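Below are the chains, spelled out letter by letter.
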Amino acid sequence: QAFVSTSNVLTPKSGPGVDWPDIQLVTMGAAITDTTHLESMSNFDEGVLKEFFQGSVGRHALSFMPVLMRPKSVGEILLRDKNPLSPLHIDPHYLEHPQDVRALVEGLQLAVQLVETTASYKALGAKIADVPLPPCKQHRFKSDAYFECYVRHMATTIWHPAGTCRMGSGNGDPRTVVDSKLRVKGVQGLRVAD
């Protein structure tokens with residue numbers, strides 16, 4: 001039976017005066033029966049996944065997924081040309097800001113600390129799988145450098161909803177795109193709803 005628990009975590013390097021969580025730590029208990037769904041869902045390399053999960057397939061498993069709650073990287077959506085039927089150019093700029101990577105690394109380190117030091121995980125006999133992600137083998141396992149490599153290879157989007165444009169008053173933050181009535185600033189007769 002799978003379960004999901006979450007807790008919001010303010011990571012140590014958030015910065016002075018920051019009082020909101022950087023990371024939501026999602027914990028899920030579920031067995032890995034094969035890696036096919038991961039390959040198709042997230043476009044991960046089949047060989048890398050098979051090697052990485054080789055000792056976990058068919059066994060009871062517990063996953064920790066640090067979810068970045070307030071990314072600092074800012075994406076963009078651009079028109080390709082003047083044709084309204086042309087597909088948009090969408091670039092989320094994932095992990096471009098170093099603090100996004102830092103927060104995810106700290107979330108992974110927190111997960112390791114929980115498993116290795118918490119009485120309840122010890123009572124379950126839980127331990128971190130010791131197979132390193134193949135593209136990150138050059139780094140010391142569980143080091144910050146290893147987890148940064150891990151994040152850059154394995155991070156993916158998840159189900160958290162997020163707006164595509166910032167909302168604000170007409171004379172407030174210059175980064176806002178729509179006002180409180182969803183009217184696009186500077187464009188007559190256009191509203192955005194997500």
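Residues numbered from 1 in each chain as written. Predicted model: local features only at pLDDT ≥ 70, side-chain atom pairs only at ≥ 80, totals over all residues. Heavy atoms only, no water.

(A) Seen up close, the overall build of the protein. What the protein contains, in helices and strands, is 5 helices and 5 strands. Order of helices (α) and strands (β) in the protein, N terminus to C terminus: β-β-α-α-β-β-β-α-α-α. Taken across its 194 residues, the protein has 29% of its residues classed as buried. For the protein, the proportion of contacts with a sequence separation of at least 24, taken over those separated by at least 6, is 51%. If you sum the accessible surface of the protein, you get close to 13200 Å²; carbon and sulfur atoms cover 55% of it. (Helix = DSSP H or I, 4+ residues; strand = E, 2+ residues; numbered from the N terminus. Buried < 20%, exposed > 50% of the residue type's maximum accessible area, 1.4 Å probe, protein only. Contact = heavy atoms within 4.5 Å. Areas by Shrake-Rupley, 256 points an atom, 1.4 Å probe, with all protein chains shown as cover.)

(B) Fine view of a nonpolar patch on the surface. On the surface, a nonpolar cluster with roughly 420 Å² of combined accessible area is contributed by I77, L79, L88 and I90. Among the structural elements, I90 can be located in strand 5 (residues 89-91). (Patch = residues over 30% accessible without salt bridge, like charges linked within 9 Å, V, L, I, M, F, W, Y side chains within 5 Å. Salt bridge = Lys/Arg side-chain N within 4 Å of Asp/Glu carboxyl O.)

(C) Highlighting the environment of K185. Along the chain, K185 falls in the segment after helix 5 (144-154). C-alpha of K185 to C-alpha of G168: the two residues are 17 residues apart in sequence and 9.8 Å apart in space. There is a polar contact of 2.5 Å between the side chain of K185 and the side chain of T176. (Polar contact = N/O pair within 3.5 Å; in protein donor to acceptor, adjacent residues only side chain to side chain.)

(D) Representation of the environment of L79 in the model. Relative to the helices and strands, L79 resides in the loop between strand 4 (76-78) and strand 5. Residue class for L79 comes out exposed when judged on its relative accessible area of 68%. Considering only alpha carbons, one finds L79 and H89, 10 residues apart in sequence, at a separation of 6.2 Å.

(E) Highlighting the packing of helix 3 (residues 98-117) against helix 5. Close contact between helix 3 and helix 5 brings their axes to 9 Å; oriented N to C, the two are set at 115 degrees. With respect to their mutual orientation, helix 3 and helix 5 come out roughly perpendicular. Relative to helix 5, the crossing made by helix 3 is right-handed. Across the interface between the two elements, V101, R102, L104, V105, L108, Q109 and V112 from helix 3 touch D144, F147, E148, Y150, V151 and R152 from helix 5. (Axes fitted to C-alpha atoms, helices over the stretch in contact; angles between N-to-C directions. Parallel < 35°, antiparallel > 145°, perpendicular 65-115°, else oblique. Left-handed = near helix turned anticlockwise from the far one by under 90°.)

(F) Geometry of the nonpolar core. Counting 20 residues, the largest nonpolar core has L133, Y146, F147 and V151 as the members making the most contacts within it. Those elements that provide at least two residues to this core are helix 2 (46-52), helix 3 and helix 5. Counting residues per element, this core draws most heavily on helix 3, which supplies 6 residues. Among residues more than four places away in sequence, those in contact with V151 are L95, L104, V105 and L108. If you look at the next biggest cluster of nonpolar residues, it comprises 5 residues, including L25, F64, A111 and Y121. (Core = buried A, V, L, I, M, F, W, Y, C linked by side-chain atoms within 4.5 Å.)

(G) Region of interest: helix 3. With 20 residues, helix 3 extends 28 Å from end C-alpha to end C-alpha; this agrees with the ideal 28 Å at 1.5 Å per step. The inward-facing, buried residues of helix 3 contact strand 2 (23-29), strand 3 (62-68), helix 4 (119-124) and helix 5. (Expected span 1.5 Å × (residues − 1).)

(H) Quick peek at the pattern of salt bridges. Enumeration according to the criterion identifies 5 salt bridges in this entry. The salt bridge partner of D144 is R102, with a shortest N-O separation of 3.2 Å. In this pair, D144 is assigned in helix 5 and R102 in helix 3, connecting sequence segments 42 residues apart. Overall, D144 belongs to the partly exposed group, its relative accessible area being 35%.

(I) Summary view of the packing of aromatic side chains. The full count for this structure, using the stated rule, is 6 aromatic pairs. With centroids separated by 6.3 Å and ring planes inclined at 40 degrees, the aromatic side chains of Y146 and Y150 adopt a geometry described as tilted. Residue Y146 and its partner Y150 are both found in helix 5; the two are separated by 4 residues, about one turn of the helix. Ring centres 6.5 Å apart and planes at 85 degrees place the aromatic pair F147 and Y150 in the edge-to-face group. Pair noted here: F147 and Y150 are both in helix 5, with a separation of 3 residues, about one helical turn. Residue classification places F147 among the buried residues on the basis of a relative accessible area of 7%. Connected via pairs of aromatic rings, a cluster forms that spans F52, F141, Y146, F147 and Y150. (Phe/Tyr/Trp six-rings, centres within 6.5 Å; stacked < 30°, edge-to-face > 60°.)

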